Amino acid sequence: DRRHRHRQQHRVARVLAEVPDKRARVAADMLDHSVHVAAFAFGAALAAVTTSVDGDEWLAAVFRFGLVPLFLFSGTFFPVSQLPRALEWVAYATPLWHGVDLCRSLTLGTAEWGLSIVHVVYLTVLGAIGLAVRDRRRRRRLVGPARRGALLGARALDAGDLVAGHVDFISP
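Residues numbered from 1 in each chain as written. Predicted model: local features only at pLDDT ≥ 70, side-chain atom pairs only at ≥ 80, totals over all residues. Heavy atoms only, no water.

**Q** Describe in detail helix α5 (residues 95–108), supporting the description with residues and values.
**A** Compared with the 20 Å implied by 1.5 Å per residue over 14 residues, the 20 Å span of α5 between its first and last C-alpha is a close match. Counting buried positions along α5 yields 10 of 14 residues, so the element is predominantly enclosed. Looking at α5, one finds that the buried residues are Pro95, Leu96, Trp97, His98, Gly99, Val100, Leu102, Cys103, Ser105 and Leu106. A positive phi of about 80° marks glycine 109, the residue just after α5. (Helix = DSSP H or I, 4+ residues; strand = E, 2+ residues; numbered from the N terminus. Expected span 1.5 Å × (residues − 1). Buried < 20%, exposed > 50% of the residue type's maximum accessible area, 1.4 Å probe, protein only.)

What follows is the structure in structure tokens.
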């Protein structure tokens, strides 16, 4: 349940806030935000994928060939340094490694500003790219059929009509 998880997060935050070290309290606040940045990056990337497919049969492939390898090679369960050099660099390129490393360093109090900023910028840029791709594909899917209808004599629609809510019916 969403409310239960939210309450647990606040309990953890309150416990961490009781720590007398000011640096630890700042890290606890930043930890909450870093989790949201990582979730934004993953959510936007998956939203971009969902706008390019019609059914849900692709979902098993995303989990099998996308998420499972991400967890295995992201440093979540063992250090990335134990991987072969080529896979180590692949792991450094994954968004989950950036999210895990950022959260881990904030939790342990070993965060460095430079690397933390790199993590946040990487995840934010990935999320922004995912949203841009999602919006572009969604606009194509919605406007494309309307433009085909314009070839048959109807008025051509643009994205402004969709945003303003001036579209009553879009034929397939």
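On we go from here.
**Q** Which residues make up the side chain of serine 105, and what are the values?
**A** Its location among the elements puts serine 105 in helix α5. There is a polar contact of 3.0 Å between the side chain of serine 105 and the backbone oxygen of leucine 102. The contact partners of serine 105, leaving out residues within four places of it in the chain, are Thr110 and Ala111. (Polar contact = N/O pair within 3.5 Å; in protein donor to acceptor, adjacent residues only side chain to side chain. Contact = heavy atoms within 4.5 Å.)

**Q** Describe in detail the pattern of salt bridges, supporting the description with residues and values.
**A** Tallying each qualifying case throughout the model produces 3 salt bridges. Among the salt bridges present, the one from arginine 85 reaches glutamate 88, with a minimum N-O distance of 3.3 Å. Highlighted residues: arginine 85 and glutamate 88, both in helix α4 (residues 85–92), separated by 3 residues, approximately one helical turn. A relative accessible area of 8% places glutamate 88 in the buried class. Arginine 134 is the salt-bridge partner of aspartate 135, the closest N and O atoms lying 2.6 Å from each other. When its relative accessible area of 22% is taken as the criterion, aspartate 135 is described as partly exposed. Salt bridges here are not isolated pairs; linked through shared partners, they connect Arg134, Asp135 and Arg138. (Salt bridge = Lys/Arg side-chain N within 4 Å of Asp/Glu carboxyl O.)

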